[in-house]
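Residue-level structural notes
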Amino acid sequence: MTAQDRTQPDRPPAPRPEDDTYEPDPRRWRALIVVLVAGFMVLLDVSIVNVALPSITRGLGADDSDLQWVVGGYALAFGLVLVAGGRIGDARGRRPTLMLGLAIFTLASAACGLAQSSIMLIVARLVQGLGGGLVTPQNSGLIQGLFRGAERGRAFGLFGAVVGVSTAIGPLLGGLLIQLGGAQDGWRWIFFVNLPIGVVAMILAMRTVPHRAREKGERTDYDPVGAVVLGLATFLALLPFVESRTWSGGLKWTLLVPAVLLGVLFVRWERAYRRRGREPMVDLALFGRRSYTFGATLALAYFVGFTGVFFIYAQYLQDGMGYTALQAGLASTPFALGSAVAAGLGGQVVTRIGRRLVAAGLVLVIIGLLGTWVAIALVDSTAVGYAVAGPFLVAGLGSGLVIAPNQTLSLSEVPPRQGGAAGGVLQTGQRIGSAAGIAAVGSLFYSRLASTRGDFGVAVRDGFLLIIAFVVVALAIAIADLVVERRAQP
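A word on the overall build of the chain. A count of helical and extended segments in the chain gives 22 helices and zero strands. On C-alpha atoms alone, the chain measures out to a radius of gyration of 22 Å, which is about the 23 Å that the 2.2 N^0.38 rule sets for 490 residues. For the chain, the spread of C-alpha atoms along the principal axes amounts to about 70 × 50 × 50 Å. Looking at the chain as a whole, 54% of its 490 residues are labelled buried. Within the chain, contacts between residues separated by at least 24 positions form 82% of all contacts whose residues are at least 6 apart in sequence.

Right, here's the structure in full:
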(Lines give C-alpha, C1' and ligand atoms only; values in the text may rest on other atoms or scores of the structure.)
Protein backbone atom coordinates (compact mmCIF):
# COMPACT_ATOMS: atom_id res chain seq x y z
CA MET A 1 0.00 0.00 0.00
CA THR A 2 1.42 3.36 -1.02
CA ALA A 3 1.48 6.53 1.04
CA GLN A 4 -1.18 7.99 -1.21
CA ASP A 5 -3.44 4.99 -0.58
CA ARG A 6 -3.05 5.47 3.16
CA THR A 7 -3.96 9.14 3.05
CA GLN A 8 -6.93 8.65 0.69
CA PRO A 9 -8.56 5.41 1.83
CA ASP A 10 -12.03 6.38 0.69
CA ARG A 11 -11.48 7.43 -2.92
CA PRO A 12 -13.88 5.78 -5.39
CA PRO A 13 -12.51 2.46 -6.63
CA ALA A 14 -12.02 1.78 -10.30
CA PRO A 15 -14.99 0.13 -12.04
CA ARG A 16 -15.07 -3.60 -11.49
CA PRO A 17 -14.79 -5.98 -14.43
CA GLU A 18 -18.08 -7.58 -13.41
CA ASP A 19 -19.84 -4.34 -14.36
CA ASP A 20 -18.40 -4.56 -17.89
CA THR A 21 -19.40 -8.21 -18.42
CA TYR A 22 -23.02 -7.86 -17.39
CA GLU A 23 -25.36 -10.42 -18.92
CA PRO A 24 -29.11 -9.90 -18.36
CA ASP A 25 -30.66 -12.59 -16.15
CA PRO A 26 -33.73 -14.00 -17.94
CA ARG A 27 -35.55 -14.10 -14.60
CA ARG A 28 -35.00 -10.43 -13.80
CA TRP A 29 -38.52 -9.19 -14.61
CA ARG A 30 -40.11 -12.06 -12.70
CA ALA A 31 -37.83 -11.33 -9.76
CA LEU A 32 -38.98 -7.72 -9.95
CA ILE A 33 -42.50 -8.97 -9.15
CA VAL A 34 -41.17 -10.21 -5.81
CA VAL A 35 -39.57 -6.80 -5.19
CA LEU A 36 -42.90 -5.11 -5.92
CA VAL A 37 -44.97 -7.48 -3.76
CA ALA A 38 -42.54 -7.28 -0.82
CA GLY A 39 -42.24 -3.52 -1.10
CA PHE A 40 -46.01 -3.16 -1.27
CA MET A 41 -46.50 -5.14 1.93
CA VAL A 42 -43.83 -3.36 3.99
CA LEU A 43 -44.89 0.11 2.85
CA LEU A 44 -48.58 -0.67 3.25
CA ASP A 45 -47.95 -1.29 6.92
CA VAL A 46 -46.53 2.21 7.33
CA SER A 47 -49.57 4.02 5.95
CA ILE A 48 -52.34 1.66 7.00
CA VAL A 49 -51.66 1.81 10.74
CA ASN A 50 -52.15 5.57 11.08
CA VAL A 51 -55.90 5.43 10.47
CA ALA A 52 -56.24 2.53 12.94
CA LEU A 53 -54.94 4.35 16.03
CA PRO A 54 -58.41 5.32 17.38
CA SER A 55 -59.56 1.72 16.91
CA ILE A 56 -56.46 0.42 18.75
CA THR A 57 -57.24 2.82 21.61
CA ARG A 58 -60.77 1.44 21.89
CA GLY A 59 -59.74 -2.19 21.46
CA LEU A 60 -56.74 -2.32 23.81
CA GLY A 61 -57.15 0.81 25.93
CA ALA A 62 -53.85 2.15 24.56
CA ASP A 63 -52.72 5.59 25.75
CA ASP A 64 -50.76 8.21 23.79
CA SER A 65 -47.41 6.71 24.75
CA ASP A 66 -48.51 3.27 23.57
CA LEU A 67 -49.72 4.65 20.26
CA GLN A 68 -46.46 6.54 19.80
CA TRP A 69 -44.58 3.27 20.14
CA VAL A 70 -46.97 1.40 17.85
CA VAL A 71 -46.10 3.91 15.11
CA GLY A 72 -42.60 5.01 16.09
CA GLY A 73 -41.36 1.65 17.39
CA TYR A 74 -41.82 0.16 13.94
CA ALA A 75 -39.81 2.99 12.38
CA LEU A 76 -37.13 2.66 15.05
CA ALA A 77 -36.60 -1.07 14.59
CA PHE A 78 -36.89 -0.67 10.82
CA GLY A 79 -34.11 1.91 10.67
CA LEU A 80 -31.95 -0.02 13.11
CA VAL A 81 -31.20 -2.92 10.76
CA LEU A 82 -31.39 -1.37 7.28
CA VAL A 83 -27.65 -1.07 6.64
CA ALA A 84 -26.81 -4.35 8.38
CA GLY A 85 -29.60 -6.07 6.42
CA GLY A 86 -28.22 -4.67 3.18
CA ARG A 87 -24.71 -5.86 4.06
CA ILE A 88 -25.97 -9.36 4.90
CA GLY A 89 -27.75 -9.49 1.56
CA ASP A 90 -24.58 -8.36 -0.24
CA ALA A 91 -22.56 -11.05 1.51
CA ARG A 92 -24.94 -13.99 1.88
CA GLY A 93 -27.21 -13.46 -1.10
CA ARG A 94 -30.44 -11.60 -1.71
CA ARG A 95 -32.84 -14.52 -1.79
CA PRO A 96 -32.15 -16.09 1.64
CA THR A 97 -31.99 -12.67 3.32
CA LEU A 98 -35.21 -11.54 1.62
CA MET A 99 -37.04 -14.72 2.62
CA LEU A 100 -35.83 -14.43 6.22
CA GLY A 101 -37.10 -10.85 6.39
CA LEU A 102 -40.43 -11.81 4.83
CA ALA A 103 -40.88 -14.68 7.28
CA ILE A 104 -40.14 -12.46 10.29
CA PHE A 105 -42.44 -9.72 9.00
CA THR A 106 -45.32 -12.09 8.24
CA LEU A 107 -45.15 -13.92 11.59
CA ALA A 108 -44.88 -10.63 13.47
CA SER A 109 -47.94 -9.34 11.58
CA ALA A 110 -49.89 -12.34 12.85
CA ALA A 111 -48.68 -11.60 16.39
CA CYS A 112 -49.79 -7.96 16.02
CA GLY A 113 -53.27 -9.03 14.99
CA LEU A 114 -53.54 -11.48 17.90
CA ALA A 115 -52.16 -9.08 20.55
CA GLN A 116 -54.22 -8.90 23.74
CA SER A 117 -52.47 -5.92 25.30
CA SER A 118 -50.64 -2.78 24.28
CA ILE A 119 -47.29 -4.25 25.37
CA MET A 120 -47.81 -7.34 23.20
CA LEU A 121 -48.68 -5.16 20.21
CA ILE A 122 -45.65 -2.91 20.70
CA VAL A 123 -43.25 -5.88 20.96
CA ALA A 124 -44.77 -7.45 17.84
CA ARG A 125 -44.45 -4.14 15.98
CA LEU A 126 -40.77 -3.93 16.93
CA VAL A 127 -40.17 -7.42 15.53
CA GLN A 128 -42.20 -6.50 12.46
CA GLY A 129 -39.94 -3.48 11.96
CA LEU A 130 -36.86 -5.71 12.11
CA GLY A 131 -38.34 -7.91 9.38
CA GLY A 132 -39.14 -4.88 7.25
CA GLY A 133 -35.60 -3.58 7.76
CA LEU A 134 -34.23 -6.84 6.34
CA VAL A 135 -36.60 -6.83 3.36
CA THR A 136 -36.22 -3.25 2.14
CA PRO A 137 -32.49 -3.14 1.24
CA GLN A 138 -32.86 -6.43 -0.65
CA ASN A 139 -35.42 -4.75 -2.90
CA SER A 140 -33.06 -1.98 -3.99
CA GLY A 141 -30.14 -4.42 -4.06
CA LEU A 142 -31.98 -6.81 -6.39
CA ILE A 143 -32.90 -4.02 -8.80
CA GLN A 144 -29.33 -2.73 -8.65
CA GLY A 145 -27.91 -6.17 -9.41
CA LEU A 146 -30.36 -7.43 -12.02
CA PHE A 147 -30.83 -4.32 -14.17
CA ARG A 148 -28.60 -1.83 -15.95
CA GLY A 149 -29.07 1.48 -17.74
CA ALA A 150 -32.56 2.41 -18.89
CA GLU A 151 -33.97 -0.91 -17.64
CA ARG A 152 -32.84 -0.05 -14.12
CA GLY A 153 -34.62 3.30 -14.35
CA ARG A 154 -37.82 1.55 -15.44
CA ALA A 155 -37.51 -0.99 -12.63
CA PHE A 156 -37.04 1.70 -10.00
CA GLY A 157 -39.91 3.61 -11.62
CA LEU A 158 -42.22 0.62 -11.23
CA PHE A 159 -41.09 0.26 -7.63
CA GLY A 160 -41.83 3.96 -7.09
CA ALA A 161 -45.29 3.42 -8.55
CA VAL A 162 -45.87 0.66 -6.00
CA VAL A 163 -44.81 3.09 -3.28
CA GLY A 164 -47.50 5.47 -4.49
CA VAL A 165 -50.16 2.77 -4.79
CA SER A 166 -49.43 1.36 -1.31
CA THR A 167 -49.62 4.89 0.08
CA ALA A 168 -52.99 5.36 -1.61
CA ILE A 169 -54.45 2.00 -0.67
CA GLY A 170 -53.15 2.04 2.92
CA PRO A 171 -55.54 4.62 4.40
CA LEU A 172 -58.40 3.41 2.17
CA LEU A 173 -57.91 -0.25 3.00
CA GLY A 174 -57.39 0.54 6.67
CA GLY A 175 -60.56 2.59 6.85
CA LEU A 176 -62.52 -0.09 5.01
CA LEU A 177 -61.26 -2.94 7.23
CA ILE A 178 -62.02 -0.99 10.39
CA GLN A 179 -65.50 -0.21 9.10
CA LEU A 180 -66.12 -3.88 8.27
CA GLY A 181 -64.46 -5.27 11.40
CA GLY A 182 -65.93 -2.76 13.81
CA ALA A 183 -64.42 0.01 15.89
CA GLN A 184 -63.40 -2.45 18.61
CA ASP A 185 -61.49 -5.11 16.65
CA GLY A 186 -61.29 -3.81 13.10
CA TRP A 187 -57.68 -2.74 13.69
CA ARG A 188 -56.59 -6.40 13.91
CA TRP A 189 -57.37 -6.95 10.24
CA ILE A 190 -54.91 -4.30 9.12
CA PHE A 191 -52.21 -6.71 10.30
CA PHE A 192 -53.87 -9.94 9.20
CA VAL A 193 -54.00 -8.62 5.63
CA ASN A 194 -50.20 -9.05 5.51
CA LEU A 195 -50.42 -12.83 5.93
CA PRO A 196 -51.54 -13.81 2.40
CA ILE A 197 -49.28 -11.14 0.86
CA GLY A 198 -46.27 -12.41 2.82
CA VAL A 199 -46.90 -16.05 1.89
CA VAL A 200 -47.26 -15.20 -1.80
CA ALA A 201 -44.07 -13.12 -1.69
CA MET A 202 -42.08 -16.00 -0.15
CA ILE A 203 -43.34 -18.46 -2.76
CA LEU A 204 -42.45 -16.08 -5.57
CA ALA A 205 -39.03 -15.41 -4.05
CA MET A 206 -38.19 -19.10 -3.94
CA ARG A 207 -39.13 -19.55 -7.59
CA THR A 208 -37.85 -16.40 -9.26
CA VAL A 209 -35.10 -14.63 -7.30
CA PRO A 210 -31.62 -15.77 -8.40
CA HIS A 211 -29.17 -16.77 -5.71
CA ARG A 212 -25.41 -16.64 -6.05
CA ALA A 213 -23.85 -19.45 -4.03
CA ARG A 214 -20.54 -18.61 -2.38
CA GLU A 215 -17.50 -20.13 -3.99
CA LYS A 216 -15.35 -22.55 -2.03
CA GLY A 217 -12.88 -20.65 0.13
CA GLU A 218 -14.64 -17.33 -0.44
CA ARG A 219 -14.34 -15.12 2.65
CA THR A 220 -17.18 -12.94 3.84
CA ASP A 221 -16.65 -9.99 6.15
CA TYR A 222 -19.70 -9.05 8.21
CA ASP A 223 -18.01 -6.29 10.22
CA PRO A 224 -19.95 -6.99 13.46
CA VAL A 225 -18.32 -4.11 15.35
CA GLY A 226 -19.34 -1.69 12.62
CA ALA A 227 -22.88 -3.09 12.67
CA VAL A 228 -23.23 -2.58 16.43
CA VAL A 229 -21.75 0.94 16.40
CA LEU A 230 -23.93 2.07 13.47
CA GLY A 231 -27.01 0.43 15.01
CA LEU A 232 -26.49 2.27 18.30
CA ALA A 233 -25.91 5.57 16.48
CA THR A 234 -29.11 5.11 14.48
CA PHE A 235 -31.07 4.13 17.60
CA LEU A 236 -29.94 7.19 19.55
CA ALA A 237 -30.59 9.46 16.54
CA LEU A 238 -34.13 8.17 16.05
CA LEU A 239 -35.25 7.76 19.67
CA PRO A 240 -35.71 11.46 20.59
CA PHE A 241 -37.83 12.00 17.47
CA VAL A 242 -39.91 8.88 18.06
CA GLU A 243 -40.56 9.97 21.66
CA SER A 244 -40.89 13.70 20.92
CA ARG A 245 -44.50 13.87 22.15
CA THR A 246 -44.27 11.60 25.18
CA TRP A 247 -40.94 12.65 26.73
CA SER A 248 -41.36 16.04 28.30
CA GLY A 249 -38.51 18.54 28.45
CA GLY A 250 -35.45 18.94 26.31
CA LEU A 251 -33.27 16.29 27.94
CA LYS A 252 -34.15 13.75 25.24
CA TRP A 253 -32.37 15.85 22.60
CA THR A 254 -29.05 15.33 24.38
CA LEU A 255 -29.13 11.79 22.96
CA LEU A 256 -28.16 13.32 19.62
CA VAL A 257 -24.69 14.10 21.03
CA PRO A 258 -23.67 10.45 21.61
CA ALA A 259 -25.38 9.60 18.30
CA VAL A 260 -23.03 11.97 16.48
CA LEU A 261 -20.00 10.71 18.43
CA LEU A 262 -20.90 7.12 17.56
CA GLY A 263 -21.28 8.19 13.94
CA VAL A 264 -17.75 9.61 13.98
CA LEU A 265 -16.50 6.42 15.64
CA PHE A 266 -18.20 4.35 12.94
CA VAL A 267 -16.46 6.30 10.17
CA ARG A 268 -13.05 5.88 11.84
CA TRP A 269 -13.67 2.17 12.40
CA GLU A 270 -14.74 1.56 8.79
CA ARG A 271 -11.62 3.30 7.49
CA ALA A 272 -9.36 1.27 9.77
CA TYR A 273 -11.22 -1.92 8.88
CA ARG A 274 -10.62 -1.30 5.19
CA ARG A 275 -6.94 -0.48 5.70
CA ARG A 276 -6.53 -3.93 7.27
CA GLY A 277 -7.66 -5.45 3.98
CA ARG A 278 -11.15 -6.32 5.21
CA GLU A 279 -14.44 -5.42 3.53
CA PRO A 280 -16.31 -2.89 5.72
CA MET A 281 -20.05 -2.77 6.26
CA VAL A 282 -20.27 0.51 4.33
CA ASP A 283 -17.66 1.38 1.72
CA LEU A 284 -17.10 5.05 2.51
CA ALA A 285 -15.78 5.50 -1.01
CA LEU A 286 -19.46 5.66 -1.99
CA PHE A 287 -19.54 9.19 -0.61
CA GLY A 288 -16.74 10.14 -2.98
CA ARG A 289 -19.25 9.75 -5.81
CA ARG A 290 -21.15 12.99 -6.39
CA SER A 291 -24.33 11.25 -7.52
CA TYR A 292 -24.55 9.21 -4.32
CA THR A 293 -23.66 12.01 -1.90
CA PHE A 294 -26.02 14.57 -3.41
CA GLY A 295 -28.76 11.96 -3.79
CA ALA A 296 -28.54 10.80 -0.17
CA THR A 297 -28.53 14.38 1.12
CA LEU A 298 -31.47 15.35 -1.08
CA ALA A 299 -33.47 12.31 0.05
CA LEU A 300 -32.82 13.16 3.71
CA ALA A 301 -34.03 16.75 3.25
CA TYR A 302 -37.07 15.73 1.19
CA PHE A 303 -38.24 13.08 3.64
CA VAL A 304 -38.00 15.57 6.51
CA GLY A 305 -40.80 17.46 4.78
CA PHE A 306 -42.63 14.83 2.74
CA THR A 307 -43.75 12.51 5.54
CA GLY A 308 -45.21 15.31 7.65
CA VAL A 309 -47.86 15.99 4.99
CA PHE A 310 -50.07 13.01 5.77
CA PHE A 311 -49.38 13.13 9.51
CA ILE A 312 -50.98 16.55 10.02
CA TYR A 313 -53.48 16.40 7.13
CA ALA A 314 -55.13 13.22 8.44
CA GLN A 315 -55.50 14.74 11.91
CA TYR A 316 -56.85 17.97 10.45
CA LEU A 317 -59.52 16.09 8.51
CA GLN A 318 -60.54 13.63 11.24
CA ASP A 319 -60.26 15.78 14.37
CA GLY A 320 -60.88 19.18 12.82
CA MET A 321 -63.40 18.45 10.07
CA GLY A 322 -65.05 15.33 11.43
CA TYR A 323 -64.01 13.01 8.60
CA THR A 324 -64.09 9.26 9.18
CA ALA A 325 -60.91 7.22 8.68
CA LEU A 326 -62.22 6.04 5.31
CA GLN A 327 -63.09 9.59 4.20
CA ALA A 328 -59.65 10.84 5.28
CA GLY A 329 -58.04 8.05 3.27
CA LEU A 330 -60.09 9.00 0.20
CA ALA A 331 -59.07 12.65 0.58
CA SER A 332 -55.37 11.66 0.44
CA THR A 333 -55.80 9.51 -2.66
CA PRO A 334 -55.00 12.19 -5.31
CA PHE A 335 -51.48 12.70 -3.92
CA ALA A 336 -50.74 8.98 -3.86
CA LEU A 337 -52.20 8.26 -7.29
CA GLY A 338 -50.30 11.19 -8.82
CA SER A 339 -47.12 9.85 -7.24
CA ALA A 340 -47.74 6.36 -8.62
CA VAL A 341 -48.33 7.60 -12.18
CA ALA A 342 -45.38 10.01 -12.20
CA ALA A 343 -42.99 7.43 -10.71
CA GLY A 344 -43.69 5.02 -13.55
CA LEU A 345 -43.25 7.75 -16.17
CA GLY A 346 -40.15 9.15 -14.46
CA GLY A 347 -38.49 5.76 -14.55
CA GLN A 348 -38.77 5.78 -18.33
CA VAL A 349 -36.84 9.03 -18.80
CA VAL A 350 -34.63 9.50 -15.72
CA THR A 351 -31.51 8.09 -17.37
CA ARG A 352 -31.86 10.69 -20.18
CA ILE A 353 -32.90 13.74 -18.16
CA GLY A 354 -30.97 13.10 -14.94
CA ARG A 355 -31.17 15.38 -11.91
CA ARG A 356 -33.17 17.99 -13.85
CA LEU A 357 -36.14 15.61 -13.60
CA VAL A 358 -35.82 15.54 -9.80
CA ALA A 359 -35.53 19.33 -9.63
CA ALA A 360 -38.66 19.70 -11.78
CA GLY A 361 -40.48 17.27 -9.49
CA LEU A 362 -39.52 19.30 -6.42
CA VAL A 363 -40.86 22.46 -8.08
CA LEU A 364 -44.18 20.68 -8.69
CA VAL A 365 -44.29 19.54 -5.06
CA ILE A 366 -43.79 23.13 -3.86
CA ILE A 367 -46.50 24.43 -6.23
CA GLY A 368 -48.91 21.71 -5.13
CA LEU A 369 -48.31 22.31 -1.42
CA LEU A 370 -48.72 26.07 -1.84
CA GLY A 371 -52.00 25.36 -3.64
CA THR A 372 -53.03 23.12 -0.75
CA TRP A 373 -52.30 25.93 1.72
CA VAL A 374 -54.48 28.32 -0.30
CA ALA A 375 -57.32 25.78 -0.61
CA ILE A 376 -57.40 25.15 3.16
CA ALA A 377 -57.37 28.90 3.83
CA LEU A 378 -60.27 29.55 1.44
CA VAL A 379 -62.48 26.51 2.15
CA ASP A 380 -63.09 26.23 5.89
CA SER A 381 -65.73 23.48 5.70
CA THR A 382 -66.13 19.76 5.11
CA ALA A 383 -65.76 20.45 1.38
CA VAL A 384 -62.05 21.09 1.93
CA GLY A 385 -61.20 17.56 0.78
CA TYR A 386 -62.56 18.38 -2.68
CA ALA A 387 -60.77 21.73 -2.76
CA VAL A 388 -57.42 20.14 -1.91
CA ALA A 389 -57.76 17.30 -4.46
CA GLY A 390 -56.29 19.29 -7.38
CA PRO A 391 -53.26 20.73 -5.56
CA PHE A 392 -52.65 17.36 -3.92
CA LEU A 393 -52.59 15.71 -7.34
CA VAL A 394 -49.96 18.21 -8.53
CA ALA A 395 -47.86 17.61 -5.40
CA GLY A 396 -48.18 13.86 -5.87
CA LEU A 397 -47.07 14.07 -9.49
CA GLY A 398 -44.03 16.02 -8.35
CA SER A 399 -43.26 13.55 -5.57
CA GLY A 400 -43.33 10.68 -8.06
CA LEU A 401 -40.61 12.46 -10.04
CA VAL A 402 -38.46 12.81 -6.92
CA ILE A 403 -38.27 9.61 -4.87
CA ALA A 404 -37.73 6.80 -7.40
CA PRO A 405 -35.70 8.86 -9.94
CA ASN A 406 -33.48 10.18 -7.15
CA GLN A 407 -32.82 6.63 -5.96
CA THR A 408 -31.97 5.56 -9.52
CA LEU A 409 -29.49 8.42 -9.88
CA SER A 410 -28.03 7.93 -6.41
CA LEU A 411 -27.21 4.27 -7.08
CA SER A 412 -26.19 4.74 -10.72
CA GLU A 413 -22.44 4.57 -9.96
CA VAL A 414 -22.62 2.04 -7.13
CA PRO A 415 -21.16 -1.41 -7.91
CA PRO A 416 -24.01 -3.98 -7.92
CA ARG A 417 -22.32 -6.11 -5.25
CA GLN A 418 -22.60 -3.15 -2.84
CA GLY A 419 -26.19 -2.31 -3.80
CA GLY A 420 -27.76 -3.65 -0.60
CA ALA A 421 -25.58 -1.72 1.85
CA ALA A 422 -25.71 1.42 -0.32
CA GLY A 423 -29.49 1.19 -0.50
CA GLY A 424 -29.62 0.59 3.25
CA VAL A 425 -27.70 3.80 3.91
CA LEU A 426 -30.13 5.73 1.70
CA GLN A 427 -33.12 4.20 3.48
CA THR A 428 -31.62 4.91 6.91
CA GLY A 429 -31.26 8.57 5.99
CA GLN A 430 -34.87 8.60 4.81
CA ARG A 431 -36.08 7.03 8.06
CA ILE A 432 -34.16 9.56 10.16
CA GLY A 433 -35.53 12.33 7.94
CA SER A 434 -39.07 11.00 8.32
CA ALA A 435 -38.80 10.82 12.11
CA ALA A 436 -37.27 14.30 12.33
CA GLY A 437 -39.89 15.75 10.00
CA ILE A 438 -42.86 14.30 11.85
CA ALA A 439 -41.41 15.53 15.14
CA ALA A 440 -40.76 19.06 13.83
CA VAL A 441 -43.99 19.45 11.87
CA GLY A 442 -46.01 17.73 14.59
CA SER A 443 -44.57 19.98 17.30
CA LEU A 444 -45.47 23.09 15.32
CA PHE A 445 -48.94 21.71 14.55
CA TYR A 446 -49.74 20.92 18.20
CA SER A 447 -48.25 24.16 19.54
CA ARG A 448 -50.31 26.24 17.10
CA LEU A 449 -53.36 24.17 17.95
CA ALA A 450 -52.86 24.99 21.63
CA SER A 451 -52.09 28.68 21.09
CA THR A 452 -55.16 29.18 18.86
CA ARG A 453 -57.44 27.17 21.17
CA GLY A 454 -58.18 24.43 18.68
CA ASP A 455 -58.03 26.22 15.32
CA PHE A 456 -57.10 23.26 13.13
CA GLY A 457 -57.04 25.41 9.98
CA VAL A 458 -54.30 27.71 11.30
CA ALA A 459 -52.34 24.79 12.73
CA VAL A 460 -52.33 22.74 9.52
CA ARG A 461 -51.49 25.77 7.34
CA ASP A 462 -48.48 26.64 9.51
CA GLY A 463 -47.43 23.00 9.36
CA PHE A 464 -47.57 23.07 5.56
CA LEU A 465 -45.40 26.20 5.45
CA LEU A 466 -42.70 24.38 7.41
CA ILE A 467 -43.01 21.37 5.10
CA ILE A 468 -42.60 23.65 2.06
CA ALA A 469 -39.45 25.11 3.62
CA PHE A 470 -37.92 21.62 3.89
CA VAL A 471 -38.81 20.85 0.26
CA VAL A 472 -37.17 24.14 -0.79
CA VAL A 473 -33.97 22.93 0.92
CA ALA A 474 -34.16 19.71 -1.12
CA LEU A 475 -34.62 21.78 -4.28
CA ALA A 476 -31.54 23.85 -3.40
CA ILE A 477 -29.53 20.62 -3.10
CA ALA A 478 -30.75 19.44 -6.51
CA ILE A 479 -29.81 22.79 -8.08
CA ALA A 480 -26.38 22.68 -6.44
CA ASP A 481 -25.83 19.22 -7.92
CA LEU A 482 -26.75 20.52 -11.38
CA VAL A 483 -24.35 23.46 -11.00
CA VAL A 484 -21.47 21.20 -9.89
CA GLU A 485 -22.20 18.81 -12.75
CA ARG A 486 -22.15 21.64 -15.31
CA ARG A 487 -18.86 23.02 -13.98
CA ALA A 488 -17.30 19.55 -14.09
CA GLN A 489 -18.08 19.17 -17.78
CA PRO A 490 -15.18 20.00 -20.12
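Now that the structure has been shown, the text picks up again.
A word on the pattern of salt bridges. Think of it this way: side chains of opposite charge can pair up when their charged atoms draw near. Per the counting criterion, the structure on display carries seven salt bridges. Its salt-bridge partner being Arg448, residue Asp462 comes within 2.6 Å of it at the nearest N-O pair. With Asp462 in helix H22 (residues 456-488) and Arg448 in helix H21 (residues 419-451), this pair connects stretches of sequence that are 14 residues apart. Here the residues in one salt-bridge network are Arg290, Arg355, Asp481 and Glu485, joined through shared partners.

Take the environment of Val394 next. Within the secondary structure, Val394 is located in helix H19 (residues 384-400). The class for Val394 is partly exposed, based on a relative accessible area of 28%. Spatially, the C-alpha atoms of Val394 and Gly170 are 20 Å apart, while their sequence positions differ by 224 residues. Ignoring sequence-local partners within four residues, the contact set of Val394 consists of Leu364 and Gly368.

Here we come to unusual backbone geometry. Residues other than glycine predominantly adopt negative phi, and peptide bonds predominantly adopt the trans conformation. Despite not being glycine, Arg453 shows a phi value in the positive range, around 60°. Relative to the assigned elements, Arg453 resides in the loop between H21 and H22.

What follows deals with the nonpolar core. Counting 68 residues, the largest nonpolar core has Ile56, Leu98, Leu121, Ile143 and Tyr292 as the members making the most contacts within it. The element that contributes the greatest number of residues to this core is helix H3 (residues 28-48), accounting for 10 residues. With residues near it in sequence (within four places) discarded, Ile143 still touches Leu32, Val35, Arg152, Ala155, Phe156 and Phe159. Leu298, Tyr313, Phe335 and Val460 belong to the second largest nonpolar core, which has 48 residues in total.

Below, the discussion takes up H19. Between the first and last C-alpha of H19 there are 24 Å, a value that for 17 residues agrees with the 24 Å anticipated at 1.5 Å per step. Helix geometry: H19 is bent most strongly at Gly390, by close to 35°, with proline Pro391 lying one to four residues after it. Buried within H19 are the following residues: Val384, Gly385, Val388, Pro391, Phe392, Ala395, Gly396, Gly398, Ser399 and Gly400.

In contact at an axis separation of 7 Å, helix H6 (residues 82-92) and helix H7 (residues 94-114) are set at 140° when each is read in the N-to-C sense. Relative to H7, H6 is oriented oblique. Touching Gly85, Gly86, Ile88, Gly89, Asp90 and Arg92 of H6 are Arg94, Pro96 and Thr97, all from H7. Residues belonging to the contact of H6 with H7 are distributed by class as follows: two nonpolar, four polar and three charged.

As a further point, take the packing of aromatic side chains. Enumeration according to the criterion identifies 18 aromatic pairs in this entry. A centroid spacing of 5.8 Å and a plane angle of 35° characterise the contact between Tyr74 and Phe78, whose relative ring orientation is tilted. Within this pair, Tyr74 and its partner Phe78 are both found in helix H5 (residues 64-80), separated by four residues, close to a single helical turn. Aromatic side chains Phe335 and Phe392 sit 5.5 Å apart centroid to centroid with 70° between the ring planes, which places their arrangement in the edge-to-face category. You can see Phe335 sitting in helix H17 (residues 333-353) and its partner Phe392 sitting in helix H19, a full 57 residues away along the chain.

Between its first and last C-alpha, helix H14 (residues 290-306) extends 23 Å over 17 residues, near the 24 Å set by a 1.5 Å rise per residue. With respect to burial, H14 is a largely interior element, 12 of its 17 residues being buried. Burial in H14 covers these residues: Ser291, Tyr292, Gly295, Ala296, Leu298, Ala299, Ala301, Tyr302, Phe303, Val304, Gly305 and Phe306.

With that settled, consider the environment of Leu158. As for its position among the elements, Leu158 is in helix H9 (residues 149-185). A relative accessible area of 38% means that Leu158 is categorised as partly exposed. Along the chain, Leu158 and Ala340 lie 182 residues apart, while their C-alpha atoms are 8.4 Å from each other.

This part takes up empty space enclosed by the protein. Scanning all chains against the criterion turns up four cavities of 30 Å³ or more. Roughly 60 Å³ of internal volume is contained in the largest cavity. In this structure, the largest cavity is lined by Leu298, Ala299, Tyr302, Phe303, Val402, Ile403, Asn406, Gln407, Ser410, Leu426 and Gln430. Of all elements in the fold, only H14, helix H20 (403-410) and H21 reach the threshold of two or more residues within the lining of the largest cavity. Here the lining of the largest cavity is built from residues that sort into seven nonpolar, four polar and no charged.

To continue, consider the confidence of the model for the chain. Overall, the prediction assigns the chain a mean pLDDT of 83, with 93% of residues at 70 or greater. Of all secondary-structure elements in the chain, the lowest mean pLDDT belongs to helix H1 (residues 3-7), at 42, while helix H18 (residues 355-378) reaches the highest, 95.

Bringing the side chain of Arg188 into the picture now. Note on placement: Arg188 falls in the loop between H9 and helix H10 (189-192). For Arg188, a relative accessible area of 12% corresponds to the buried category.

It is worth spelling out a nonpolar patch on the surface at this point. Together, Ile119, Val123 and Val127 line one region of the surface with nonpolar side chains, adding up to about 250 Å² of accessible area. Ile119 gets classed as exposed once you look at its relative accessible area, which sits at 58%.

The rules behind each value
- Residues numbered from 1 in each chain as written.
- Predicted model: local features only at pLDDT ≥ 70, side-chain atom pairs only at ≥ 80, totals over all residues.
- Heavy atoms only, no water.
- Helix = DSSP H or I, 4+ residues; strand = E, 2+ residues; numbered from the N terminus.
- Rg over C-alpha atoms; globule rule 2.2 N^0.38 Å.
- Buried < 20%, exposed > 50% of the residue type's maximum accessible area, 1.4 Å probe, protein only.
- Contact = heavy atoms within 4.5 Å.
- Salt bridge = Lys/Arg side-chain N within 4 Å of Asp/Glu carboxyl O.
- Core = buried A, V, L, I, M, F, W, Y, C linked by side-chain atoms within 4.5 Å.
- Expected span 1.5 Å × (residues − 1).
- Bend = angle between axes of the 7 residues up to and from the residue.
- Axes fitted to C-alpha atoms, helices over the stretch in contact; angles between N-to-C directions.
- Parallel < 35°, antiparallel > 145°, perpendicular 65-115°, else oblique.
- Nonpolar A, V, L, I, M, F, W, Y, C, P; charged D, E, K, R; others polar.
- Phe/Tyr/Trp six-rings, centres within 6.5 Å; stacked < 30°, edge-to-face > 60°.
- 1 Å grid on protein atoms, 1.4 Å probe; cavity = no way out; pocket = protein on both sides within 12 Å on 5 of 7 lines; lining within 4 Å.
- Points joined across faces, edges and corners; volume = space filled by probe spheres on them.
- pLDDT = per-residue confidence, 0-100.
- Patch = residues over 30% accessible without salt bridge, like charges linked within 9 Å, V, L, I, M, F, W, Y side chains within 5 Å.
- Areas by Shrake-Rupley, 256 points an atom, 1.4 Å probe, with all protein chains shown as cover.

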